[in-house]
Amino acid sequence: MVERLVPDELWELFQRVVPEVPARPQGGGRRRYGDREVLAAIIFVATTGCTWRQLPPSFGPSGPTAHRRFSEWSKARVWAKLHRVVLDDLGARGELDWTRCAIDSVNMRAPKRGALTGPNPVDRGKKWSKIHLITDRTGLPLSIGISGANTHDSQALIPLVKGISPIRSRRGRRRRRPEKLHGDKGYDYAHLRRWLRGRGITHRIARKGVETSHRLGRHRWVIERTMAWLAGCRRLHRRYERKADHFLAFTSIACTLICYRRLTRRCAASVS
């Protein structure tokens, strides 16, 4: 089970970003479970949507132990670093297409509420959260963020574009700016167009009252597919985490798994 959830390639990538094990100056203490077993338990929770206490005993670490390590790694931003490492390997292989990127958001119900939740205007004011993301032309997530459901999509554009990390390229220096950015009518604001134009990014944002909705998905369908891929991480069907950094961590894990599957598929194709 551990080798299936955490293959050798993913384990090698994770070892680049995981912090060192803290040493006990007084010595002794209980044996610390291996990071690979704990990582497999965290991925199992993320993909199946089970609670921490429902972890099968075959993993080794208990639910509270896996949750404690998950909290430590989330505080150290391990998941964001792992996502960037996988993107670097994809960029070095030339698998990232920066010619057309898309931005959009998806709502998640938050029954336990918590930080960064807000009343959903289309669900009688119940608490929901929102996931914002930018994908490349093939649908690989480049930048992600979370907010309350009452946050307008336009407010996330600038932070998301700024949040794209410098990613390796097959040739030349690292890259962090797309050539074009596609968005729906929720991003139709003059100051956003000026901001993108000032950074050399061509905007392809639908205009309110001018363009119909029939052809909006011509280039943006890839981000809709990515949102469907995120639903494969069943922990994201609803937001069960009260802490915002934990919810963001599960979102980063889902995006990392999406990018990792593309990386392993390309590697298998090149070997065959």
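Below you will find a few notes about this structure.

What counts and how
Residues numbered from 1 in each chain as written. Predicted model: local features only at pLDDT ≥ 70, side-chain atom pairs only at ≥ 80, totals over all residues. Heavy atoms only, no water. Helix = DSSP H or I, 4+ residues; strand = E, 2+ residues; numbered from the N terminus. Rg over C-alpha atoms; globule rule 2.2 N^0.38 Å. Buried < 20%, exposed > 50% of the residue type's maximum accessible area, 1.4 Å probe, protein only. Contact = heavy atoms within 4.5 Å. Areas by Shrake-Rupley, 256 points an atom, 1.4 Å probe, with all protein chains shown as cover. Lys, Arg positive; Asp, Glu negative; His and termini not counted. Charge placed at Lys NZ, Arg CZ, Asp CG, Glu CD. Pairing = 2+ DSSP bridges. Expected span 1.5 Å × (residues − 1). Phe/Tyr/Trp six-rings, centres within 6.5 Å; stacked < 30°, edge-to-face > 60°. Salt bridge = Lys/Arg side-chain N within 4 Å of Asp/Glu carboxyl O.

**Here's the deal with the overall build of the chain**
1) Next: Along its length, the chain carries nine helices and six strands.
2) Next: Over its C-alpha trace the chain gives a radius of gyration of 20 Å, about what one expects of a compact globule, namely 19 Å for 272 residues.
3) Next: Taken across its 272 residues, the chain has 47% of its residues classed as buried.
4) Next: Contacts spanning at least 24 positions in sequence make up 67% of the contacts within the chain whose residues lie at least 6 apart.
5) Next: For the chain, the exposed area adds up to about 14,300 Å²; of that, 48% sits on carbon and sulfur atoms.
6) Next: Here the chain holds 56 positive side-chain charges and 23 negative ones, and the gap between their average locations is 5 Å.

**What to know about the pairing of strand S1 (residues 101–109)**
1) Next: Alignment of S1 against strand S5 (residues 180–183), held across two bridges, turns out to be parallel. Directly across from Ala 102, in S5, lies its bridge partner His 182.
2) Next: Pairing of S1 with strand S3 (residues 127–135) involves eight bridges; the strand directions are antiparallel. If you follow Asn 107 over to S3, its bridge partner there is Lys 130.

**Quick notes on helix H3 (residues 35–48)**
1) Next: In this model, H3 (14 residues) spans 20 Å end to end at C-alpha, consistent with the 20 Å of a helix rising 1.5 Å per residue.
2) Next: Within H3, eleven of the 14 residues are buried, which leaves the element mostly enclosed by the surrounding structure.
3) Next: All buried positions along H3 are accounted for by Asp 35, Arg 36, Val 38, Leu 39, Ala 40, Ala 41, Ile 42, Ile 43, Phe 44, Val 45 and Ala 46.
4) Next: In the segment just after H3, Gly 49 is the residue with positive phi, at about 80 degrees.

**Details of the packing of aromatic side chains**
1) Next: Inspection of every chain in the model, using the stated rule, returns nine aromatic pairs.
2) Next: Between Phe 70 and Trp 79 the ring centres are 6.1 Å apart and the planes differ by 35 degrees, which places this aromatic pair in the tilted class. Taken individually, Phe 70 and Trp 79 each receive the classification buried, so the pair is uniform in this respect.
3) Next: Taken together, the ring pairs connect Trp 11, Phe 14, Trp 52, Phe 70, Trp 73, Trp 79 and Phe 250 into an aromatic cluster.

**Focus: the pairing of S3**
1) Next: In terms of burial, S3 is largely enclosed, as eight of its nine residues are buried.
2) Next: Pairing of S3 with strand S4 (residues 141–148), which is carried by seven bridges, proceeds in the antiparallel orientation. The residue of S4 that forms the bridge with Thr 135 is Pro 141.

**As for the environment of Tyr 187**
1) Next: By secondary structure assignment, the location of Tyr 187 is in the loop between S5 and helix H7 (190–198).
2) Next: For the pair formed by Tyr 187 and Arg 16, sequence separation is 171 residues and the distance between their alpha carbons is 37 Å.
3) Next: Setting aside residues no more than four positions away along its own chain, Tyr 187 makes contact with Ile 103, Asp 104, Ser 105, Asp 153, Ser 154, Leu 157, Leu 192 and Ile 205.

**Remarks on the environment of Lys 126**
1) Next: In this fold, Lys 126 is placed in the loop between strand S2 (118–119) and S3.
2) Next: Given a relative accessible area of 29%, Lys 126 falls into the partly exposed group.
3) Next: Remark: the alpha-carbon pair of Lys 126 and Leu 90, spanning 36 residues in sequence, is separated by 39 Å.
4) Next: Beyond its immediate sequence surroundings of up to four residues, Lys 126 is in contact with Arg 109, Gly 118, Pro 119 and Asn 120.

**Structural notes on the pattern of salt bridges**
1) Next: Summed over the entire model, instances satisfying the criterion amount to eleven salt bridges.
2) Next: We note a salt bridge from Asp 8 to Arg 36, for which the minimum N-O separation is 2.9 Å. Remark: Arg 36 occurs in helix H3 and Asp 8 occurs in helix H2 (residues 8–17); sequence separation between them is 28 residues.
3) Next: For Asp 8, a relative accessible area of 46% gives the class partly exposed.
4) Next: Between Glu 224 and Arg 220 there is a salt bridge, and its shortest N-O distance comes to 3.7 Å.
5) Next: Since its relative accessible area comes to 40%, Glu 224 is described here as partly exposed.

Remember that the coordinates give geometry; whether it matters functionally is a separate question.
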